[in-house]
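So the chains spell out like this:
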Amino acid sequence: MSWVETKNLNVISLNDIQVLPLNDFRDELIKKIKGGKRLIQFFGNKETPGVFLYAVAADDNTSKLFITSCKFTDDKAYQSLTPEIPSVHLFEREFYEQFGIKPEGHPWLKPVRKGIEGINNDEPHYNFFSMTGEEIHEVGVGPIHAGIIEPGHFRFSCHGEKVYHLEIKLGFQHRGIENMFLNKNHKNVYLLNLSESIAGDSVIGHAGTYIRAMESLCNIAVSRRVKSIRTVMLELERIAMHLADLSGLSGDIAYLTGSSVFGALRTKIINATMSICGNRFGRGMMRLSGVNFDITPEIKCDLTALLNKLNDDVDLAAEVMFSSVSVLERFEKTGILEKETAMELGLVGLTARASGYAVDIRSDHPFDAYQYFPVYKLTLESGDVFARAYIRYIEIQQSIKIIMEILNNIPSGELSCNISSLQPDSMVISLTEGWRGEISHIVLTDSDGKIKRIKIKDPSFNNWLALSISVRGEGISDFPLCNKSYNLSYSGFDL
Amino acid sequence: MLNLLKLRWNHGYQAIPDIRKAELMVTHRGFPVINESECKDNCGECKDVCPTEAIEINPLSIDLGKCTFCGECERVCAAIKFTNECRSGSTSRNNLIVTSKNFSGLTSDVYRNRAIETRKEIHKMFGRSLKLRQVSAGGCNGCEMELSACGNVNFDMGRFGIDFAASPRHSDGIVITGPVSRNMAPALMDAYNSIPSPKIVIAAGACAISGGIFKESEYLNREFFEKIKIDLFIPGCPPHPITFINSLLDFLGR
């Protein structure tokens, strides 16, 4: 058995994980991914001596996860897997940047979060890909953008209006979050706060992923009430962010009705979040071993009324928006991402689903209340801006239904329980479907039961390249629209 | 067409009519009030649970510049109570430290009068129109989204002549969010230098004011704050749009 089989949130002993010879590891991984499994994580961990490289693959049909590893002691290079498995391209670059072990033959081994000019002379600074030719010009944007958004650098190679290539350079937000989790003196509240700040628009998503990983390692079973409340909060976050994106997409095409109406609806939802937990983004809601705030009968009543009204309001607003010729003219056939490309690059979340690639952790690897409420995977085929906008609308409808179902039947139970210590020498994989897509945290503990490695992956890590691909051949003026249709996180990528 | 009219009718008038008098719902965790008589034996439990070392004991105090308003201290001690009061901006770093002696039991008006000093020249120069350039330097997108929300149909900051501008060249001031990552430090300084003088500097959110939860990160570079004086501190994690707008209006003497 080269692979250890596990499930979302199941704890496995580190000793059970096979350490394969490098060539076997490579062959096994290629066989697994080409056999239809999906690459979830590919990351290193420094041990004394040497560096372990772990690979995690998922079988979405059977809800199984597979782990294997290999070890580098003296080797400083290996044969790159990217030519065989394109979805590993960014993981290999990250592994090289963090541990200095080079994937030989990687088609484009550029830095992930380092190499920004003028920051650190020890880091070789990265020269952008450049195109030459008559009347070819480059457009550089960022790190500071025109709007109130996070920083990142975009470099377009254009001929006239037409974009031939877009290169995205991130890393400006890098705060070293993964390492900050390792300080052994840190308290639970600090670590929770830190997980909430991985991406401030996915507070419940990231905090929930982290907390479920820790609870599995502590062997804590939270009550069904806690699971239900957490699920309601996660779906509220999804509705709020999808509304914000529909508002933003409307703003980018100067469709002011949509911009105002969806913006105002979002405010109502985040205010509902605040009425539950005191913060519009859900901060302070989650705690290790439970939740800090209950959904009282009054809140349940208000929330039900709000969602009933929201359902009608969103339907009306979407009907007007998606029947407007001026909206469709800009949305349809803009920034197309083919299903084959989405599968090859290992995209996740609504981006993948809008291209017809049905991946959704809520139904593939269920957690919390999704274990009791199966979620139907929504997909669209066209993969254009229209699909990414429309799928947000139908996911809002779906989330409203999920919340209503849970609220109608919210089980009783304790809101928190006692915390025990972490199991030593163990590993857990925690997967969550945040509003952008698959969030994954992998936690490894040492022999004292302390965290020795945490690997965090925001869905943006998988999906940024999709933006580059989908603007190829488009007019540069459609870039803001394409960008907004993905709305990826800079801080979630940069960590 | 009928649906469009119906939609417009349903949408109604969403703006908060009087931002200056707006009250947030009671669940909101805003300005904390300290009642030291409830602090029995300086046990220090509040200090121990605080994730950002915002609390000092003997005498008990909370530094709003560090506080992430997580509410954990409130759960372990009756002496601390977060209120729904959202007007917590300050023009001096020291005034952000809330103790029992100076502010407890006082109304928010008194806190405001003490915390925000309105300068005549600021009122004269920017009182009627203010354009700001926002720079996110390691921010998690929480503060950024709340600052965006300041301009939406609910809060409509534009009605006061305050807007965010796309270029620093068109701006009168800079709003900084995030703990200032090492990789963003030069860009932040460039943006500041590109704004024509006279200019104001605003730090929004716990990360910008003190480094917040990321204070210990080795990938920060906070030299900017050693060189440049901050004119207005707006606490929060993230600051509520009403906090931001009201603090700014107080600062401008509006």
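Residue indices follow the written sequence of each chain, beginning from 1 at its first position. Chains and ligands are labelled sequentially in the order written, the chains with letters from A and the ligands with numbers from 1. Where totals are concerned, whole chains, interfaces and linings use all residues; where local detail is concerned, this predicted model gives features only for residues with pLDDT of at least 70, and gives and counts side-chain atom pairs only at 80 or more. Side-chain metrics rest on all non-hydrogen atoms present in the structure, leaving aside hydrogens and water.

## Here's the deal with the overall build of chain B
Put simply, the rule reads: Helical segments are the DSSP runs of H or I of at least four residues, strand segments are the runs of E of at least two, and each set is numbered from the N terminus. Radius of gyration here is computed from C-alpha atoms only, and the compact-globule reference equals 2.2 Å multiplied by the residue count raised to the power 0.38. Partly exposed describes any residue whose relative accessible area lies between the buried limit of under 20% and the exposed limit of over 50%, with all areas from a 1.4 Å probe on protein chains only and scaled to the type maximum. For this analysis, residues touch if any pair of their heavy atoms sits within 4.5 Å. Only four residue types enter the charge count, namely Lys and Arg as positive and Asp and Glu as negative; His and the chain termini do not. Where a charge lies is defined by one atom per residue type: Lys uses NZ, Arg uses CZ, Asp uses CG and Glu uses CD.
In terms of helices and strands, chain B carries 11 helices and 10 strands. Since a compact globule built from 254 residues should have a radius of gyration of about 18 Å, the 19 Å found for chain B is in line with a globular shape. Across its three principal directions, the C-alpha atoms of chain B cover 65 × 45 × 35 Å. For chain B, with 254 residues in total, the buried portion stands at 61%. A sequence separation of at least 24 residues applies to 79% of the contacts in chain B between residues at least 6 apart. Here chain B carries 30 positive and 28 negative side-chain charges, and the mean point of each set is 8 Å from the other.

## Description of the sheet that holds strand β15 (residues 438-445) of chain A
Residue and element names in this part refer to chain A. Selection criterion: Paired strands, as defined in this entry, are two strands with at least two bridges between them according to DSSP. Axes, fitted as lines to C-alpha atoms, cover a helix only where it is in contact. Angles between the N-to-C directions of the axes lie from 0 to 180 degrees.
Strand order in the open sheet made by the 4 strands is β2-β14-β15-β16, with antiparallel pairing throughout. Where the open sheet ends on each side, the last strands, each with one partner, are β2 (11-13) and β16 (451-457). Taking each pair of neighbouring strands and ignoring which way they run, the sheet shows an average axis angle of 15 degrees. With 6 bridges joining them, β15 and β16 adopt antiparallel strand pairing. Each bridged residue has a counterpart across the sheet, and for Ile-442 the counterpart in β16 is Lys-455.

## As for the domain arrangement of chain A
All names here are of chain A. Filter applied, for reference: The source of the domain bounds is an automatic or database domain assignment. Accessible area that two parts lose when put together, evaluated with a 1.4 Å probe and summed over both, is termed the buried area. Salt-bridge detection follows one rule: a side-chain nitrogen of Lys or Arg within 4 Å of a carboxyl oxygen of Asp or Glu. Two N or O atoms count as a polar contact when they lie within 3.5 Å, although within protein this holds only if one can serve as hydrogen donor and the other as acceptor, and sequence-adjacent residues are included solely when both atoms are side-chain atoms.
If you check the domain split of chain A, you get domain 1 (4-104) and domain 2 (177-460). One C-alpha centre belongs to domain 1, the other to domain 2, and the line joining them spans 27 Å. Across the boundary between the two partners, domain 1 contributes 32 residues, which contact 34 residues of domain 2. Among the residues of domain 1 in contact with domain 2, Asn-8, Leu-9 and Arg-38 are the three that bury the most area, contributing 25% of the side total. For the pair domain 1 and domain 2, the number of links is 3 salt bridges. Ionic pairing is found between Lys-455 and Glu-94, a salt bridge with its closest N-O pair at 3.2 Å. There are 16 residue pairs in polar contact (both at pLDDT 80 or more) connecting domain 1 and domain 2. If you list the elements that add at least two residues to the side of domain 1 that touches domain 2, you get β2, β4 (38-46), β5 (51-59), β6 (64-72) and α2 (89-99). Among the elements that take part in the side of domain 1 that touches domain 2, β4 stands out by supplying 6 residues, more than any other.

## Notes on the packing of aromatic side chains
To describe a pair of aromatic rings, one takes the distance between the centres and the angle between the planes. What counts, and what does not: Pairing of aromatic rings covers Phe, Tyr and Trp, the last counted by its six-membered ring, and requires centre-to-centre distances within 6.5 Å; plane angles under 30 degrees mean stacked, over 60 mean edge-to-face, and any other angle means tilted.
Tallied over the entire structure, the rule returns 27 aromatic pairs over all chains. Seen in terms of ring centroids, Phe-43 of chain A and Tyr-54 of chain A are 5.4 Å apart; in terms of plane orientation they differ by 25 degrees. Their pairing is stacked. Remark: Tyr-54 of chain A occurs in strand β5 and Phe-43 of chain A occurs in strand β4; sequence separation between them is 11 residues. Neither Phe-43 of chain A nor Tyr-54 of chain A differs from the other in exposure class; each is buried. Measuring from ring centre to ring centre gives 5.6 Å for Tyr-192 of chain B and Phe-224 of chain B, while their planes differ by 85 degrees; the resulting arrangement is edge-to-face. You can see Tyr-192 of chain B sitting in helix α8 (residues 185-194) and its partner Phe-224 of chain B sitting in helix α10 (residues 223-227), a full 32 residues away along the chain.

## With respect to the pattern of salt bridges
Per the stated rule, a full pass over the model turns up 44 salt bridges over all chains. Arg-212 of chain A is paired through a salt bridge with Asp-368 of chain A; the nearest N and O atoms lie 2.7 Å apart. With Arg-212 of chain A in helix α5 (residues 203-218) and Asp-368 of chain A in the loop between α12 (361-364) and α13 (385-408), the pair connects residues that are 156 residues apart, well separated along the chain. No difference in accessibility class separates Arg-212 of chain A from Asp-368 of chain A, as the two residues are buried. With its nearest N and O atoms 3.4 Å apart, the salt bridge here joins Arg-87 of chain B to Glu-85 of chain B.

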